[in-house]
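# Report on the structure
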Amino acid sequence: MENIIITPYIGLPTRDVVLFLESLRKFYNDKVLFFVKKNDHELKKTLKYYECLYEDVSTHRHDVCIKRYTLLINYLKKNNNLKKIFFCDSRDIYFQSSPFSYSYEGQLNFFSEDTKIGDCPVNSKWMKNTLGLNLFDELKEKFIVCCGTVIGNKDAIINYANEMNLMSKKYPYRWYKKRMKYLLTFRRDKAGRGSDQPYAAYLIHKNCLKNIKIYGNASGPIATVYNLSNLNFNNKNQLINDSGNPYVIVHQYDKKWNEFKNRITLPKKYYDLLNS
């Protein structure tokens, strides 16, 4: 039995995933799988360099936020020897240790942003436009739980992904009118793509998922930086939590880049790779 990290990376610049890969391979040498577009040749070259697997998918980049759960289920059903899965974003994550080095308490583990849904304009809009005003009023005092970092055992992850798929069918992104410039040019409007955040909030806060653990942002093993009020670093430039322990994973560091830009650097060998 082995662990695996699974992440979609579709239609995004290759350079933006290098920090994820470089920091990860300092601590973790096992399986990593990316869902990618067929013509992402530069990305594939980089993934091979870092000894990562990839699968070609036809999903549009504006749809992957919702459809990634189907991709995940299809892969997991074909692979029986998996123990724990870290299902995550990759563009805005870097690692300070292996994601599997921490002793997670739940069969399925989530990471709170310690901010109420109703206090975040973006999450409020997503929830109103998917679940509707009544459910928003019911859940708005609950904390945001991030969908971009979820870790658990195989069965729990599959169940979670199935539930997310059911939610997306039951509560599609509604009350959205395509903007005129996109209607006139027959282009996709990314503002209409929706989000998986409201579905996870519903499943978690209405107790639809069993054997889960929710970790706090200030005290837990994963930092979701956008809503993290205090950023403290140790003498190794590691971001630390309120207990003084380095976070295992730092997520959304780009949202406060001025705090991080002098503490993390991209490796020169990556640029050598691109020019080879």
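Further up the page is the structure itself.
Quick notes on the rules
Residues numbered from 1 in each chain as written. Predicted model: local features only at pLDDT ≥ 70, side-chain atom pairs only at ≥ 80, totals over all residues. Heavy atoms only, no water. Buried < 20%, exposed > 50% of the residue type's maximum accessible area, 1.4 Å probe, protein only. Pairing = 2+ DSSP bridges. Helix = DSSP H or I, 4+ residues; strand = E, 2+ residues; numbered from the N terminus. Axes fitted to C-alpha atoms, helices over the stretch in contact; angles between N-to-C directions. Left-handed = near helix turned anticlockwise from the far one by under 90°. Contact = heavy atoms within 4.5 Å.

One non-glycine residue with positive phi stands out, namely D114, at about 60°. The backbone of N207 shows a phi angle near 60°, a positive value even though the residue is not glycine. For N207, a relative accessible area of 58% gives the class exposed.

Pairing is mixed in the open sheet, where seven strands are placed in the order β3-β2-β1-β4-β7-β6-β8. Across the chains shown, the open sheet's two edge strands, defined by having one partner strand only, are β3 (53-56) and β8 (212-215). Strand-to-strand twist in this sheet, taken as the mean axis angle between neighbours without regard to direction, amounts to 25°. Pairing analysis gives four bridges linking strand β2 (residues 31-36) to β3, with the strands arranged parallel. Paired with L33 across the two strands is L53, which belongs to β3.

Once that is clear, we can look at the packing of helix α6 (residues 154-170) against helix α8 (residues 197-205). A pair of packed helices is captured by two measures, namely the crossing angle of their axes and the spacing between those axes. It is the contact of α6 with α8, at a shortest axis distance of 9 Å, that shows an interaxial angle of 115°. For the crossing formed where α6 meets α8, the hand is right-handed. Each of Y160, E163, M164, M167 and S168 in α6 lies in contact with α8, whose residues at this interface are Y199, A200, Y202 and L203.

Function cannot be read off these values alone, since they describe shape.
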